[in-house]
Amino acid sequence: MLFCLLTAPSTVRHMAVFAVVCGAAGLLLSRFCFRNLRQKKAGMTKASVFVCAVTAAAVLALSVGIFAGNWKVSSLVQRIASRVHLPVQVFLYIAGALLGAGAFLFVFCLLYFLFFDHGSTARSSEHPGRGTAVRTQVLILAVSLLQCLQLQMSATQEYARVFGVRWHMAVLAVVSVYAVNLLISCLVRSSGAALVITSVTTLLWSLIDYYAVLFHGSPLFFSEFANAATAANVLSKYRLTVSLQVLCIAALFLSEIITAIRLLREKTPRTPKKFSRGVFRIAFGLAVMGLVVVLYRTPAVKPRVAMGFSWRAGVEEYGYLSCIYEDLEKRMNPVTQPEGYAAEKVEALPDRARTGEALAVGKPDIILILNETFYDIGRYADVAPDRDFLSEFYGIEGAFYGHAVVPSIGGGTNNTEFELLTSNSMHLLPIDAPFNYLDFSSDRNSLASYLQRQGYATAGLHCEVPNNYSRDRVYPLIGFERVVLGAENFTASAYGERSWTDEANYQDMISVGESMGDGPRFCYLLTMQNHGDWNKNASGMDTVHTTSNLGDLTDDVNEYLTSVELSASAFRKLTDRCRESNRPTIVFMLGDHAPSFISGLQPKDGMSAEEQEIAARSVPYAVWANFDLNWPENTEEISVPDIGPLLKQAAGLPLSTYDAMILDLHNAAPVRLSNGLYETADGSIRRYEPGNTDRTTELLRDYFFAEYNLLKDKQRYQERLFVEKQEQH
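This section reports on the structure supplied with the text. Source: prediction; values computed, not measured.

## Side note on the sheet that holds strand 2 (residues 400–405)
Now for step 1: Ordered by their spatial adjacency, eight strands build an open sheet running 4-3-7-1-8-9-2-10, and the pairing between neighbours is mixed. Since the sheet does not close on itself, it has two edges, and those belong to strand 4 (482–485) and strand 10 (637–639), each with one partner. Taking the axes of each pair of neighbouring strands and ignoring which way they run, one obtains an average angle of 20° across the sheet.
Now for step 2: Pairing geometry for strand 3 (residues 457–462) and strand 7 (residues 521–526), over six bridges, is parallel.

## Topic: helix 28 (residues 695–711)
Now for step 1: Given a rise of 1.5 Å per residue, 17 residues ought to cover 24 Å, and the 24 Å separating the end C-alpha atoms of helix 28 matches this to within 8%.
Now for step 2: The buried fraction of helix 28 is high, at 13 of 17 residues.
Now for step 3: The backbone nitrogen of threonine 696 has a side-chain oxygen 3.3 Å away, supplied by the residue at the start of helix 28, namely aspartate 694.

## Examining the nonpolar core
Now for step 1: In terms of nonpolar packing, the biggest core is built from 124 residues, with Ile377, Phe522, Tyr524, Phe571 and Phe588 touching the most fellow members.
Now for step 2: In terms of residue count, helix 24 (residues 554–579) provides more of this core than any other element does, nine residues in total.
Now for step 3: Excluding anything up to four places from it in sequence, phenylalanine 571 contacts Ile369, Phe393, Ile396, Tyr506, Val587, Met589 and Ala622.

## Points about the sheet that holds strand 13 (residues 685–687)
Strand pairs in the sheet, formed through backbone hydrogen bonds, run parallel or antiparallel to each other.
Now for step 1: Taken together, three strands build an open sheet; the order of strands is 11-12-13 and the sheet is antiparallel. Unpaired on one side and paired on the other, strand 11 (671–672) and strand 13 mark the two borders of the sheet.
Now for step 2: The pairing of strand 11 with strand 12 (residues 677–679) spans two bridges and is classified as antiparallel. Its bridge partner being in strand 12, arginine 672 is matched across the sheet by tyrosine 678.
Now for step 3: Running at roughly 85° to strand 12, helix 25 (residues 609–617) makes contact with strand 11, strand 12 and strand 13 of the sheet.

## A word on helix 24
Now for step 1: Here helix 24 contains 26 residues, and its C-alpha end-to-end distance of 38 Å stays within 8% of the 38 Å for a straight helix at 1.5 Å per residue.
Now for step 2: Across the 26 residues that make up helix 24, a large majority, 19, are buried.

## What about the packing of helix 23 (residues 502–514) against helix 24?
Now for step 1: Here helix 23 crosses helix 24 at 30°, and the two axes come no closer than 8 Å. Taken as axis vectors, helix 23 and helix 24 run roughly parallel relative to one another. Crossing angle aside, the handedness with which helix 23 passes helix 24 is right-handed. Contacts between helix 23 and helix 24 pair Asp502, Glu503, Tyr506, Gln507, Met509, Ile510 and Glu514 from the former with Ser567, Ala570, Phe571, Lys573, Leu574 and Arg577 from the latter.

## Structural notes on the pattern of salt bridges
A side chain with one charge may pair with a side chain of the opposite charge, provided their charged atoms come close.
Now for step 1: Counted by the stated rule, this structure contains 16 salt bridges.
Now for step 2: With a shortest N-O distance of 2.9 Å, glutamate 724 and arginine 453 are connected by a salt bridge. Of this pair, glutamate 724 sits in the segment after helix 28 while arginine 453 sits in helix 21 (residues 447–453); the two residues are 271 residues apart in sequence, bridging distant segments of the chain.
Now for step 3: Judged by relative accessible area, glutamate 724 falls into the buried class, the value being 1%.
Now for step 4: Three or more residues joined by partner-sharing salt bridges are found here, namely Glu344, Glu347 and Arg716.

## Considerations on the pairing of strand 1 (residues 365–371)
Within a regular beta strand, the side chains point alternately toward one face of the sheet and then the other, so they alternate between its two faces.
Now for step 1: For strand 1, a buried count of seven out of seven residues is recorded, marking the element as mostly surrounded by other parts of the structure.
Now for step 2: Alternating residues of strand 1 divide into Asp365, Ile367, Ile369 and Asn371 and Ile366, Leu368 and Leu370, and every residue in both groups is buried.
Now for step 3: As judged from the five bridges shared by strand 1 and strand 7, these two strands associate in the parallel manner. Residue pairing for strand 7: isoleucine 367 is matched across the bridge by cysteine 523.

## A few points about the pairing of strand 2
Now for step 1: Pairing analysis gives six bridges linking strand 2 to strand 9 (residues 618–625), with the strands arranged antiparallel. By the bridge assignment for strand 9, tyrosine 401 is matched with alanine 622.
Now for step 2: As paired elements, strand 2 and strand 10 share three bridges and run parallel to each other. Considered in strand 10, the bridge of valine 405 is made with serine 639.

## Examining the side chain of asparagine 709
Now for step 1: Looking at the element boundaries, asparagine 709 is found in helix 28.
Now for step 2: With a relative accessible area of 0%, asparagine 709 lands in the buried category.
Now for step 3: There is a polar contact of 3.4 Å between the side chain of asparagine 709 and the side chain of tyrosine 341.
Now for step 4: Looking at asparagine 709, its side chain comes within polar contact range of the main-chain oxygen of arginine 716, at 2.9 Å.
Now for step 5: Non-local contacts of asparagine 709, meaning those with residues more than four positions away in its chain, are made with Tyr341, Val346, Arg716, Tyr717, Gln718 and Phe722.

## Some details on unusual backbone geometry
Now for step 1: The residue after glycine 532, namely aspartate 533, is reached through a cis peptide bond having omega 5°.
Now for step 2: Secondary-structure assignment places aspartate 533 in the loop between strand 7 and helix 24.
Now for step 3: Positive phi values are uncommon outside glycine, yet tyrosine 469 reaches one of about 55°.
Now for step 4: Note on placement: tyrosine 469 falls in the loop between strand 3 and helix 22 (471–477).
Now for step 5: For tyrosine 469, a relative accessible area of 10% puts it in the buried group.
Now for step 6: Positioned with a positive phi, serine 470 is a non-glycine residue whose angle comes to about 55°.

How each quantity is defined
- Residues numbered from 1 in each chain as written.
- Predicted model: local features only at pLDDT ≥ 70, side-chain atom pairs only at ≥ 80, totals over all residues.
- Heavy atoms only, no water.
- Pairing = 2+ DSSP bridges.
- Helix = DSSP H or I, 4+ residues; strand = E, 2+ residues; numbered from the N terminus.
- Axes fitted to C-alpha atoms, helices over the stretch in contact; angles between N-to-C directions.
- Expected span 1.5 Å × (residues − 1).
- Buried < 20%, exposed > 50% of the residue type's maximum accessible area, 1.4 Å probe, protein only.
- Polar contact = N/O pair within 3.5 Å; in protein donor to acceptor, adjacent residues only side chain to side chain.
- Core = buried A, V, L, I, M, F, W, Y, C linked by side-chain atoms within 4.5 Å.
- Contact = heavy atoms within 4.5 Å.
- Parallel < 35°, antiparallel > 145°, perpendicular 65-115°, else oblique.
- Left-handed = near helix turned anticlockwise from the far one by under 90°.
- Salt bridge = Lys/Arg side-chain N within 4 Å of Asp/Glu carboxyl O.

What follows is the structure, encoded as structure tokens:
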């Protein structure tokens, strides 16, 4: 019943509500099944075993189906109703009545036999060491709590942060571990032995996790087991010290083992109905786990993304166990298979790879800047500033300008970063923060790894916390030879209370570049200056002011416009400095997304909903070179995945078939949103429908097929599509 209430859409909730009403029917059924219970104390009848087992199996099947198979309850009900030739509403009433009666009986039976029916011998003098079932369950619950503390302490590393988890998530974590302990105790037929197994496992997990966070910068997740050999090799290079946190983890383990040994020493009664009770306890454990899965998937309990920006924030607020679940869930299906996909269709894609036309200046240095929240509000809303805050940005001689469509609105830096560095689209990814969930251990197609193969020295830089979005782990995997992350590696700078000015970041980037040798260089920089909030400085520091009435947002907009003006000035100074260099250099800069307060602004009059969505995702970009750059003319509007192939082409570098597919797609539909909306070259706005047969749809379909093959279809991966012409064998 609770399962239905939590998961069913509105069209199916009639079944859940009716199930609660019909639960009273379970009273009659339970009385029939247990009519001799008090007299014989013989346990359950075969009928009750069957009803409870079927009910538990149904709940578990639905939970697993929704978790692993992404079932939709509404469509499932409609299909079943059509198979039995019943109207949907009639089927809902019948199913609700059966489920209500069965669920009531199920809960009644489990509670009785779990906590109260431990046989007449339980109180007999023949078994004086036998504790009550209630006490056993309390001890299992207590050990589950200690195990949760162990895990949380290993991930947070600090005592003060262990108890900062939201209370309902803490309860859910304990219930999760309790369900596992209960299941194992049923399988091994001993609560004490089960606690020994889970306590040792928890200790090992906690210790590995503690040192993984300490040395690797991110917690231990199931997905890390695939890289266990690499992790062991890395850890072997460090000296493992025993800290106070490690001693606390060991002390918790000792308490758990003492409890487990106490339960092992207690005798177990040999009652004729022990098998029935075991079956029901297993069913109860499975039901609890099913309920836990449902609760973890309920946004009111746990948000869909708990550790998007930072795993640490997610662990501290929602608990390490919930983050393990989120990581497991998203890694099970981080990439959606496009409709109609078949490996044979990818194999049939024609070879479009081509060699590049080498520039007269040779291979130029490439500077790629993803500028935090660099956005022109006037593209979306009527905001009239009292001065042209982007005049220096648009006044750079020899620069080419346009707008790039990013995958997210008001946030999602890592989504833009993913599209920019891989040329893949977020359209196939039902997740945020792809660096956290995708497997980059066998990177094949990032811009950094490509340029590395072309003889470039590569560096990735960002002044904020290294483990944000797992950059410290992913940057080296995708081809950055030199990774410069964290405040300690950057020159401290600020504009009032706003930290990390672009100008100082650019200076640090140039310093890193100058130390990268005499060959061609690729430097990627993610800035921080324009990041929210936008109420840090006193209003007297604002140099740009809106003349529009924006209500409570006026001060935020003024500070934001001032910061963007400062950012534009810093970019002009960077190009001026590169202009004086004798090294051929291409500089490309774009924003990562609009400010989050854009949702509170009134869109311009006359824009359709689709036009508003495109405008909210369109960030300014500029590309400049200190030599004659051949930049295509049809680039006033581009999508972020197009940037890599466009840069390769402008630098005279060879292109892979995948690059050529993206450039052809750019010519047909330069604006492509991650939700499937796109704008064609003639300005018409459409939505991607896989069944259409027009040329643009075919190009999109081929692109999505190739991307899925790259990201997911490891068994039939088509290397020829992603290798540049000169490196094919």
